[in-house]
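# Residue-level structure breakdown
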Amino acid sequence: MRAVVQKVTASNVSVDGEVVGKINSGLLVLLGVGEDDEIKDVDYMVDKIVNLRIFEDENEKLNLSLLDVSGELLVVSQFTLFGDCRKGRRPGFSDAARPDKADEFYIDFVEKAKAYGINVQTGKFRTHMMVELINDGPVTLLIDSKKNF
């Protein structure tokens, strides 16, 4: 699995002009599922993201997690994170999971994040979405359950 994680003061996602998910302070997660991902990848990603220490403590050090600050989570499916741009000018998406698997893992990610007691909002799977955010910091991280960047 791959994720772009952005610390935000606010974020929302709309489909056909209607807001379907909205958060205040927390994390926007663009989440991609790979063809070779397993359930253990979901578990790894949820644990990693909700426990990332990227929020400031009283000394302005990045020492607190989403859980520590009672932050919110907006999760948006993003198969294009598996776009391979190394050859030619058009990305290839053969490493992205097929829609049925991607949807299953996306839903599993959301449910496991909710189990931490976090307010989790989502986009709408397999639709054209418009995402708005106010990136705080800015803090933006790339996380992959199989690779280091």
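Attention in this report is confined to the structure presented alongside it. Just so you know, these numbers come straight off a predicted model, no measurement behind them.

Now for the overall build of the protein. When helices and strands are counted, the protein shows two helices and eight strands. Going from N to C terminus, the protein has its helices and strands arranged as β-β-β-α-β-β-β-α-β-β. The principal-axis extent of the C-alpha atoms belonging to the protein is close to 45 × 35 × 30 Å. Of all 149 residues assigned to the protein, the portion counted as buried reaches 42%. Mean positive and mean negative side-chain charge positions of the protein (19 and 25 charges, respectively) differ by 7 Å.

Its boundaries defined by the atoms lining it, the largest pocket holds a volume of some 400 Å³. Surrounding the largest pocket, 24 residues form its lining, Ser-77, Gln-78, Phe-79, Arg-126 and Met-129 being those nearest its centre. Taken together, the elements giving at least two residues each to the lining of the largest pocket come down to strand S3 (26-32), strand S6 (72-77), helix H2 (99-114) and strand S8 (130-144). Looking at the lining of the largest pocket element by element, the count peaks at four residues for S3. By residue class, the composition of the lining of the largest pocket is 15 nonpolar, seven polar and two charged. Quantified by volume, the second largest pocket comes out at close to 230 Å³. Grouping the constituent residues of the lining of the second largest pocket by class yields three nonpolar, one polar and ten charged.

Moving on to the pattern of salt bridges. Pairing is possible between side chains of opposite charge, provided their charged atoms come close. As enumerated under the stated definition, the model contains ten salt bridges in all. A salt bridge links Glu-56 to Lys-7; the nearest nitrogen and oxygen atoms lie 2.9 Å apart. In this pair, Glu-56 sits in strand S4 (residues 55-56) while Lys-7 sits in strand S1 (residues 2-15), placing the two residues 49 residues apart along the sequence. Residue classification places Lys-7 among the buried residues on the basis of a relative accessible area of 0%.

We describe a pair of aromatic rings using the distance from one ring centre to the other and the angle between the two ring planes. Under the defined criterion, the tally for this structure stands at two aromatic pairs. Ring plane angle 35 degrees and centroid distance 5.9 Å describe the contact between Tyr-106 and Phe-125, whose orientation is recorded as tilted. One end of the pair, Tyr-106, is in helix H2; the other, Phe-125, is in the loop between strand S7 (120-122) and S8, and 19 residues separate them in sequence. Tyr-106 gets classed as buried once you look at its relative accessible area, which sits at 6%. In this structure, Lys-101 packs its charged tip against the face of Phe-105, placed 5.3 Å from the ring centre.

One can find Ser-11 in strand S1. A polar atom in the side chain of Ser-11 sits 2.8 Å from the backbone oxygen of Glu-132. Not counting residues up to four positions away in its chain, the partners in contact with Ser-11 are Gly-21, Lys-22, Ile-23, Leu-28, Leu-74, Val-131, Glu-132 and Leu-133.

Rules of the game
Residues numbered from 1 in each chain as written. Predicted model: local features only at pLDDT ≥ 70, side-chain atom pairs only at ≥ 80, totals over all residues. Heavy atoms only, no water. Helix = DSSP H or I, 4+ residues; strand = E, 2+ residues; numbered from the N terminus. Buried < 20%, exposed > 50% of the residue type's maximum accessible area, 1.4 Å probe, protein only. Lys, Arg positive; Asp, Glu negative; His and termini not counted. Charge placed at Lys NZ, Arg CZ, Asp CG, Glu CD. 1 Å grid on protein atoms, 1.4 Å probe; cavity = no way out; pocket = protein on both sides within 12 Å on 5 of 7 lines; lining within 4 Å. Points joined across faces, edges and corners; volume = space filled by probe spheres on them. Nonpolar A, V, L, I, M, F, W, Y, C, P; charged D, E, K, R; others polar. Salt bridge = Lys/Arg side-chain N within 4 Å of Asp/Glu carboxyl O. Phe/Tyr/Trp six-rings, centres within 6.5 Å; stacked < 30°, edge-to-face > 60°. Lys NZ or Arg CZ within 6 Å of the ring centre and 35° of its normal. Polar contact = N/O pair within 3.5 Å; in protein donor to acceptor, adjacent residues only side chain to side chain. Contact = heavy atoms within 4.5 Å.

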